[in-house]
Amino acid sequence: MNRLGRAMADPTRSRILLSLLEQPGYPAKLARDLDLTRTNVSNHLSCLRGCGIVVAEPEGRQTRYEIADPHLTAALVALVDVTLAVDESAPCLDPACSVPGCCDTEATA
């Protein structure tokens, strides 16, 4: 848990993780998409790799990065969902939400 917390404590690493949740990524493309330098992205990917959160897969002259384990992917997606759910200024995104009090617009009106 400490490794995950350390990795996600940095906003840039969080942005990289969110991008990798959507699909595997390459440092140069991540740098372009996130408007960061390639060196910065590589340093953050090294940290994420050291924490065991991402893995690097060589592909010729490039290296593809992805979330290390499907269970970790599911946990990160759930964490994003919970974070969005508790953000009071954001509406609930799940039309089938069954959490008591979450989507009760009448109760808050």
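Residues numbered from 1 in each chain as written. Predicted model: local features only at pLDDT ≥ 70, side-chain atom pairs only at ≥ 80, totals over all residues. Heavy atoms only, no water.

> Break down the nonpolar core for me, citing the residues and quoting the values.
Among the nonpolar cores identified, the biggest contains 18 residues, and Ile16, Leu20, Leu45, Leu48, Ile53 and Val54 are the most heavily contacted of them. When contributions to this core are tallied by element, the ones reaching two or more residues are helix 2 (11–22), helix 3 (27–34), helix 4 (38–50), strand 2 (62–67) and helix 5 (70–86). Tallying contributions element by element places helix 4 first for this core, with 4 residues. Excluding residues that lie within four positions of it along the chain, Ile53 makes contacts with Arg3, Leu4, Ala7, Leu17, Leu48, Glu66, Ile67, Ala68 and Leu72. (Core = buried A, V, L, I, M, F, W, Y, C linked by side-chain atoms within 4.5 Å. Buried < 20%, exposed > 50% of the residue type's maximum accessible area, 1.4 Å probe, protein only. Helix = DSSP H or I, 4+ residues; strand = E, 2+ residues; numbered from the N terminus. Contact = heavy atoms within 4.5 Å.)

> Describe the pattern of salt bridges, listing the residues and the values that go with them.
Enumeration over the complete set of coordinates arrives at 3 salt bridges. Between Lys29 and Asp33 there is a salt bridge, and its shortest N-O distance comes to 2.7 Å. Here the residue Lys29 and the residue Asp33 both occupy positions in helix 3, the gap between them amounting to 4 residues, near one helical turn. Between Glu66 and Arg64 there is a salt bridge whose closest N-O contact spans 3.2 Å. The network of salt bridges with common partners includes Glu59, Arg64 and Glu66. (Salt bridge = Lys/Arg side-chain N within 4 Å of Asp/Glu carboxyl O.)

> So what's going on with unusual backbone geometry? Which residues, and what values?
Phi angles above zero are rare outside glycine, and Asp35 is one such case at about 55°. Tracing the backbone shows Asp35 in the loop between helix 3 and helix 4.

What is shown is where atoms sit, not what they do.
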